[in-house]
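# A look at the structure
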Amino acid sequence: MTFKRPYSAGLAALAVGLFAATAAYAEPTVNKGDNAWMLTSTVLVLLMTIPGLALFYGGLVRSKNMLSVLMQVFYTVCIVTLLWALYGYSLAFTGGSDFIGGFSKAFLKIAPEGKTILDAQAATFSADVNITELIYICFQMTFAAITPALIVGAFAERMKFAAVALFVPLWVTLIYLPIAHMVWYWPGPDAISAALKTFEAATDKAAAQAAFDAAKTAFGDDAGFIFKKGAIDFAGGTVVHINAGIAGLVGALLIGKRVGYGKELMAPHSLTMTMIGASLLWVGWFGFNAGSNLEASGGAALAMTNSFVATAAAAMAWMFAEWIVKGHPSVLGALSGAVAGLVAVTPAAGYAGPMGAIVLGLVVGVVCLFFCTVVKNALGYDDSLDVFGVHCIGGIVGALGTGILVNPALGGTGVMDYTIGKIADYDFVAQMTSQFWGVCTTLVWSGIGSAILFKVVDVIVGLRVNVETEREGLDVTEHTERAYNM
Amino acid sequence: MKIVMAIIKPFKLEEVRDALTAIGVHGLTVTEVKGYGRQKGHTEIYRGAEYAVSFLPKIKIEVAVASDQVDKTIDAITSAAKTGQIGDGKIFVINLDHAVRIRTGEADAAAL
């Protein structure tokens, strides 16, 4: 995901008004290569969720709860897809306030004046390079869908389906959309780049200064809260992973432990499914990370490279650490490490250099292993599938690591400053402060907001099934089906 | 007539079948079962969660033989299923009152 926002007729008009005297403002056209890559990326991200995440999670639960997990993930994809089209996209990706957008594009009313929705364009990271807005909408839709689907792993095997059905749309509306807006909404580079060109071309700098300052102010004001803080998050470390991870922890704490937790065998019913799911997650994640570049360019290739090497490094780190500490290299350990690596490289994908990404992967593999074993056991919470330990902790490692690894001195790309038209000087303290703003805002917003939503859902339909239902398994009791009839 | 019931290690099934065929036993019923004896269980670890698995997978075979075949049958199973390690299993012999071959109606010794 990205810091891009749909091309807007208003901005174009502003730009034309400001610079008509010196430069004609050419309306960008979309590049078919970029469009093709983004269409591909969009379906790759859907592949991550169904069947990737569904099988990854499904294999980890007991066979009596397999269908309940598959259903919760599939339901989430469908319901979020619908609300994204109705109002979600508009609230996340239109201007309004620092914290939430408006309803101007509700019901996908995106057609430019006098044109159709096929002509609507969305900005990318490059000035005057746009993609078709409908593709951008679908791409972002898949991100909105996978995020709440990640949460269901935390309260798997004991949550009522009615509670999931109510919680997911509430959470997306009140937690995800504001965070997505805060992190990713910005006005796009077109207007500010045009203003910069005009200013540089002006012979009378003093006279041009006022117009350029006005453009800079307009550019700086029209963005989300965390974006303005300068936090960088290439593909959604905060919006997706920290956001879902902390919500999962809150859910696991509020709903309580599974019956028999810590006493009975709760071994994964099919690590084969988990292997298939984790591998599909990795494949689909190239759409997630490299797609977040929005253009089929070198930036996408960098994100792809990082998503390869960080993932492999994290899988190896987890596997070897477990081998050393526990005496055996486990399949589930290697798979969990891979997912942790994907999570951590998500915010860094387009910013870190490949060697930095390897270091990030090695670190996150060990840190997440520590949280999923030592810390979880010490605190005693039952986060069924380690949504907090992998996604929240991995997301935090990634968000902070991105602030370090973006440094050009460490092989990173640096951060583009569109008001000067080049890479800004790297400032460690400033960048890490920005990253902390992103992490802490997300933790607080999602942590507190999710707690309130879980309580509301508990009052309306009840969060948890009764003990007999839980013993029998959710598949037969909630869905009247069995995953395996033999 | 007797039923010879044996609980064996799963990977020994083919060898036991071959041994029984060699002594002229031509029928066998196999069931996948779980249980524990002196071998007790083992430990499985999933993301740091350690589970003591007390029921181990075993194979239960049941074969109906004439009374004078029992010792040969026990010898065949014992020699084929033995590894010398704890957990090789057990053999139980149970009296069998009556047997019928469904297709022909033959009874007892003729039905085996």
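For every chain, the first residue of the written sequence is number 1, and numbering continues from 1 onward in sequence order. The naming scheme follows written order: chains are lettered A onward, ligands numbered 1 onward. Predicted model: local features are reported for residues with pLDDT of at least 70 only, side-chain atom pairs are reported and counted for 80 or more only, and whole-chain, interface and lining totals are derived from all residues.

Naming follows an unreviewed UniProt entry, where chain B appears as Nitrogen regulatory protein P-II of Bradyrhizobium centrolobii. Its UniProt record, at the heading Sequence similarities (unreviewed entry), says of chain B: "Belongs to the P(II) protein family." UniProt positions are given in the numbering used here, feature names are shortened, and annotations may be inferred rather than shown by experiment. Listed in UniProt under the heading Subunit (unreviewed entry), the comment for chain B reads: "Homotrimer."

This part takes up the nonpolar core. Remark: nonpolar core denotes a set of buried Ala, Val, Leu, Ile, Met, Phe, Trp, Tyr and Cys residues whose joining runs through C-beta atoms within 7 Å. The burial label depends on the number of other C-beta atoms within 10 Å of a residue's C-beta. Counts of 20 or more mean buried, 12 or fewer mean exposed, and intermediate counts mean partly exposed, with C-beta atoms placed from the backbone. Of all hydrophobic cores here, the largest spans 151 residues; its most connected members are L53(A), Y57(A), V73(A), L281(A), A314(A) and L360(A). In this description, a residue-residue contact is defined by the distance between C-beta atoms placed from the backbone, which must lie within 7 Å. The contacts of L360(A), once residues within four sequence positions are left out, are A310(A), A344(A), V345(A), A348(A), A352(A), G398(A), G401(A) and L405(A). One finds I8(B), V16(B), V25(B) and I61(B) within the second-largest nonpolar core, a separate group that totals 12 residues.

Turning our attention to the pairing of strand β1 (residues 2-8) of chain B. Residues and elements named next belong to chain B. One ladder, built from seven bridges, connects β1 with strand β5 (residues 56-65); its direction is antiparallel. Its bridge partner being in β5, A6 is matched across the sheet by I61. For two strands to be treated as a pair, DSSP must find at least two bridges joining them. In this text, helices come from DSSP runs of H or I with a minimum length of four residues, and strands from runs of E with a minimum of two, each type numbered from the N-terminal end. The pairing of β1 with strand β6 (residues 89-95) spans seven bridges and is antiparallel. Paired with M5 across the two strands is F92, which belongs to β6.

Residue and element names in this part refer to chain A. Following the sequence through the fold, W437 ends up in helix α15 (residues 428-460). Counting along the chain gives 279 residues from W437 to R158, while the straight-line C-alpha distance between them is 34 Å. If near-sequence neighbours (up to four positions away) are discounted, W437 is found in contact with I226, K229 and A231.

The next subject is the interface of chain A and chain B. With 11 residues of chain A at the contact, the number on the chain B side is seven residues. Breaking the side of chain A that touches chain B down by element, the ones donating at least two residues are α12 (331-348) and α13 (354-379) of chain A. A total of three residues in the side of chain A that touches chain B trace back to one element, the largest contributor, which is α13(A). Classification convention: Asp, Glu, Lys, Arg as charged; Ala, Val, Leu, Ile, Met, Phe, Trp, Tyr, Cys, Pro as nonpolar; all other residues, Gly among them, as polar. Looking at the side of chain A that touches chain B residue by residue, the classes come out as five nonpolar, four polar and two charged.

What follows is about unusual backbone geometry. Residues and elements named next belong to chain A. With an omega of 5°, the peptide bond running from I50 to P51 counts as cis. Among the secondary structure elements, P51 is positioned in helix α2 (residues 32-60). Although it is not a glycine, L108 sits at a positive phi angle of roughly 55°. Structurally, the position occupied by L108 is in the loop between α3 (66-93) and β1 (121-123). Although it is not a glycine, T480 sits at a positive phi angle of roughly 50°. Residue placement: T480 occurs in the segment after α17 (474-479).

Further remarks concern the confidence of the model for chain A. Per residue, pLDDT captures the predictor's confidence, and it can take any value from 0 to 100. Scored by pLDDT, chain A comes out at a mean of 93, with 94% of its residues at no less than 70. Segment residues 1-24 of chain A is flagged for pLDDT under 50; beyond a separation of four residues in sequence, or across chains, it makes 66 contacts in the model.

Summarizing the sequence annotation, UniProt attributes the feature "modified residue: O-UMP-tyrosine" (unreviewed entry) to Y51(B) in the numbering used throughout. Along the chain, Y51(B) falls in strand β4 (residues 49-53). Here Y51(B) falls in the partly exposed class, since 17 other C-beta atoms lie within 10 Å of it. Sequence-distant contacts of Y51(B), that is, excluding residues within four places in its chain, are made with L265(A), A267(A), T43(B) and E44(B).

Residue and element names in this part refer to chain A. Think of each axis as a best-fit line through the C-alpha atoms, taken over the contacting stretch in the case of a helix, with angles from 0 to 180 degrees between the N-to-C directions. Viewed as axis vectors pointing N to C, α2 and α3 meet at an angle of 150°, and their least axial separation amounts to 9 Å. Considered as vectors, α2 and α3 are oriented roughly antiparallel to each other. The crossing of α2 and α3 is right-handed. Every residue of α3 that contacts α2 at T49, I50, L53, A54, Y57 and G58 is listed here: M66, V69, L70, V73, F74 and V77. Residues of the contact of α2 with α3, tallied by class, amount to 10 nonpolar, two polar and no charged. Here the word oblique covers every angle except those under 35 degrees (roughly parallel), over 145 (roughly antiparallel) and from 65 to 115 (roughly perpendicular). The handedness criterion is simple: a crossing whose near helix is rotated anticlockwise from the far helix by less than a right angle is left-handed, and one whose near helix is rotated clockwise is right-handed.

With that settled, consider the sheet that holds β5(B). Paired through backbone hydrogen bonds, the strands of a sheet run either parallel or antiparallel to each other. All names here are of chain B. Here we have four strands laid out as an open sheet, ordered β2-β5-β1-β6, and antiparallel in their pairing. Where the open sheet ends on each side, the last strands, each with one partner, are β2 (29-35) and β6. Ignoring which end each strand starts from, the neighbouring axes of this sheet average 20° apart. Pairing of β2 with β5, which is carried by seven bridges, proceeds in the antiparallel orientation. Within β5, the residue paired with V30 across the bridge is I61. In this fold helix α1 (residues 13-22) packs onto β1, β2 and β5, with an angle of close to 10° to the strand it touches most, β5.

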